[in-house]
Amino acid sequence: MERNLILKGNLCYSQDSKNLIMAKNSFLICENGKSVGIFQKIPEKYQNFIIKDYGDCLIIPGCTDLHLHAPQFAFRGFGMDLELLDWLENITFPEEAKYADLEYADRAYQMFAENIKKSATTRAVIFGTIHIKSTICLMDYMEKTGLKTYIGKVNMDQNAPEFLCEKNAGDSLRATKEWLEQVQNRYENVKPILTPRFIPSCSDKLLLELGNMEKQMKIPVQSHLSENPDEISWVHELHPDTDCYAEAYDKYGLLGNHEKTIMAHCIYSENKELELLKRDSVWIAHCPQSNVNLASGIAPVRTYLENKMNIGLGTDIAGGFSESILRTMGDAIQMSKIRWRLVDQTQAPLKLEEVFFMGTKGGGSFFGKTGSFEKGHEMDAVILDDTDLPYPHSISLRQRLERMIYLSDDRHIKAKYVKGKQIF
Ligand code: GUN
Ligand code: FE
């Protein structure tokens, strides 16, 4: 069977945010797409499984990108000298409006899908645009990559330029229903997710009805939360009855009260907001590169880890310009060090173990049991070949992994598996 196989090499994976397991020259056995565990010798029962021997390569679990915008891939690196709200208005909204044209979307999304397929990412949660046909085009391309994804048609019916704004809540909801009818059960690898862009771009009626839709149709939700001080003040003006930004989602049932929910950024979430995120087990998508590019701030990641909250990493393409979750791990460490030095000396910088956990098992948990090689986890694996980075002395597996986080690009990825199936 295709999904019964054995990977041989140097295996690195997280047990939790503190413990990174390194198994030198070992066998990872995969049965029906799931890990059976790691062995030094292959047990009798699995002797007939195909062995893929990757020699001295590193083998890590597939990475999860908990937050990125596919239509923004085409303009990575544009407007990186702007702050969030100016960047949205001047760069992002005009670019996203181009996806009204299906031919443009087809070209752009094909490039996006090819690129993410080659990366270390095996699972991703993705924003499309408000356009139904283009979003389905994106889903079709992503289905073919073999990656497991959630993809959302965006909702926005206010505070956006006319060229990228649905006419009213009714239109936005009708479009969402039409989109859902077309995509539910159409794919093996892609699932829909409700995607109110952020509070300022959604009317009260739209938020209310999306909350009802989530409950009735049991569809998860993704959005943005507490990314930028001006954005937060704006939300407070729009919803003066709330004590915090998260409450504006919560009052419409959009904060994970029913279905699983991802909130990107959560840079300024404290006290009541932190309690709401904990109460509803919301997944926090930490997007360090975007947060520095858009001068948004630095999230208190250590606090979230100490509170045992669900947290993973996101590239936030194109707030972030790199699609690499490995690079994002390094960015998360760098940002946490600046935070420690300049903001809060009681919050120690993040460790390698912690960022690797977030980029694999932490974010992967949104998809169920994945992102680790522990028994029972769906077997997503990335084979990293670092032979073109020689070193003049012997270094440990941990050091080799650390170098891959900072120095690797797609050329170091020799093969990739999703749920036991080889993607390339
Ligand atoms: N908030 C609302 N829309 C966006 C977006 O496209 N990117 C980011 N980073 N934040 C947002
Ligand atoms: Fe975003």
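This paragraph deals with the overall build of the protein. The number of helices and strands found in the protein is 13 helices and 17 strands. Going through the 424 residues of the protein one by one, you find that 62% of them count as buried. Here the analysis covers contacts within the protein between residues at least 6 apart in sequence; of these, 74% occur between residues at least 24 apart. Charged side chains in the protein number 50 positive and 58 negative. The centres of these two groups are separated by 8 Å.

Turning to the sheet that holds strand β9 (residues 190-192), a few remarks are in order. Spatially, β5-β6-β7-β9 is the arrangement adopted by the four strands of the open sheet, whose pairing is parallel. Two strands in the sheet have a free side with no partner beyond their single neighbour: β5 (63-69) and β9. Going across the sheet, the axis of each strand differs from the next one's by a mean of 20 degrees, ignoring polarity. As defined by bridge partners, strand β6 (residues 121-127) adjoins strand β7 (residues 148-152) across five bridges and the pair is classed as parallel. Bridge assignment links A124 to a residue of β7, and that residue is T149. Packed on one face of the sheet, helix α11 (residues 325-342) meets β5 and β6 and runs near 85 degrees to β5.

Quick look at helix α12 (residues 352-364) now. With 13 residues, α12 should cover 18 Å at 1.5 Å per step; its first-to-last C-alpha distance of 17 Å lies within 8% of that length. A bend of about 50 degrees at M358 is the largest found in α12. Where burial is concerned, most of α12 is hidden: 13 out of the 13 residues are buried.

A separate point is the coordination of the iron ion (ligand 2). Distances from the iron ion (ligand 2) to its protein donors, H67 (NE2), H69 (NE2), H224 (NE2) and D316 (OD), fall at 2.0 to 2.3 Å. Every donor counted, the four donor atoms about the iron ion (ligand 2) form angles of 88 to 170 degrees at the centre, which fits irregular coordination. As a motif over one chain, the donors of the iron ion (ligand 2) read H-x1-H-x154-H-x91-D.

Helix α3 (residues 132-145) packs onto helix α2 (residues 102-118) with a crossing angle of 30 degrees between their chain directions and a minimal axis gap of 9 Å. Overall, the two elements α2 and α3 adopt an arrangement that is roughly parallel. Seen from above, α2 lies across α3 with right-handed handedness. Each of L102, A105, D106, Y109, Q110, F112, A113, I116 and K117 in α2 lies in contact with α3, whose residues at this interface are K133, S134, C137, L138, Y141, M142 and T145. Taken together, the residues that form the contact of α2 with α3 break down as ten nonpolar, three polar and three charged.

Following the criterion strictly, the structure yields 13 aromatic pairs and no others. Where Y13 meets F373, the ring centres are 5.7 Å apart and the plane angle is 55 degrees; that geometry is what we call tilted. One end of the pair, Y13, is in strand β1 (residues 5-14); the other, F373, is in the loop between α12 and β15 (381-384), with 360 residues separating them in the sequence. Directly above the ring of F73 sits R76, whose terminal nitrogen or CZ lies 3.9 Å from the centroid. Sitting over the face of the ring of F366, K260 holds its NZ or CZ atom 4.7 Å from the ring centroid.

Time to look at the site of ligand 1. The environment of ligand 1 is formed by H69, Q72, L84, W87, L88, R197, F198, H224, E227, H265, L294 and D316. Q72 is positioned with one of its side-chain polar atoms (N or O) 2.9 Å from an oxygen atom of ligand 1. Between ligand 1 and R197 there is a distance of 2.7 Å, counted from an oxygen atom to a side-chain nitrogen or oxygen. Protein coverage of the free-state accessible area of ligand 1, which is 280 Å², stands at 100%.

This part covers unusual backbone geometry. Comment: phi is negative for the bulk of residues other than glycine, and the bulk of peptide bonds are trans. The peptide bond linking I317 to A318 adopts the cis configuration, its omega dihedral lying at 5 degrees. Mapped onto the secondary structure, A318 falls in the loop between β14 (310-313) and α11. Here H265, not a glycine, exhibits a phi torsion of approximately 90 degrees, which is positive. Among the secondary structure elements, H265 is positioned in strand β12 (residues 261-265). Phi at A295 is positive, roughly 50 degrees, even though this residue is not glycine. By relative accessible area, which is 52% here, A295 ends up exposed.

Residues E273, L274, L276 and L277 constitute the buried set of helix α8 (residues 271-279). The arc that holds every buried residue of α8, seen down its axis, measures 160 degrees, which confines them to one face. Looking at the buried residues of α8, the elements they touch are β11 (221-225), α7 (245-250), β13 (283-286) and α10 (301-306). Phi turns positive, to about 50 degrees, at S281, one or two residues after α8.

How each quantity is defined
- Residues numbered from 1 in each chain as written.
- Chains lettered and ligands numbered in written order.
- Predicted model: local features only at pLDDT ≥ 70, side-chain atom pairs only at ≥ 80, totals over all residues.
- Heavy atoms only, no water.
- Helix = DSSP H or I, 4+ residues; strand = E, 2+ residues; numbered from the N terminus.
- Buried < 20%, exposed > 50% of the residue type's maximum accessible area, 1.4 Å probe, protein only.
- Contact = heavy atoms within 4.5 Å.
- Lys, Arg positive; Asp, Glu negative; His and termini not counted.
- Charge placed at Lys NZ, Arg CZ, Asp CG, Glu CD.
- Pairing = 2+ DSSP bridges.
- Axes fitted to C-alpha atoms, helices over the stretch in contact; angles between N-to-C directions.
- Expected span 1.5 Å × (residues − 1).
- Bend = angle between axes of the 7 residues up to and from the residue.
- Donors = N, O, S within 2.8 Å, 3.2 Å for Na, K, Ca; no water.
- Tetrahedral: all angles 85-135°; square planar, octahedral: opposite > 155°, others 65-115°.
- Parallel < 35°, antiparallel > 145°, perpendicular 65-115°, else oblique.
- Left-handed = near helix turned anticlockwise from the far one by under 90°.
- Nonpolar A, V, L, I, M, F, W, Y, C, P; charged D, E, K, R; others polar.
- Phe/Tyr/Trp six-rings, centres within 6.5 Å; stacked < 30°, edge-to-face > 60°.
- Lys NZ or Arg CZ within 6 Å of the ring centre and 35° of its normal.
- Near = heavy atom within 4 Å.
- Polar contact = N/O pair within 3.5 Å; in protein donor to acceptor, adjacent residues only side chain to side chain.
- Areas by Shrake-Rupley, 256 points an atom, 1.4 Å probe, with all protein chains shown as cover.
- Arc of directions from axis to C-beta.

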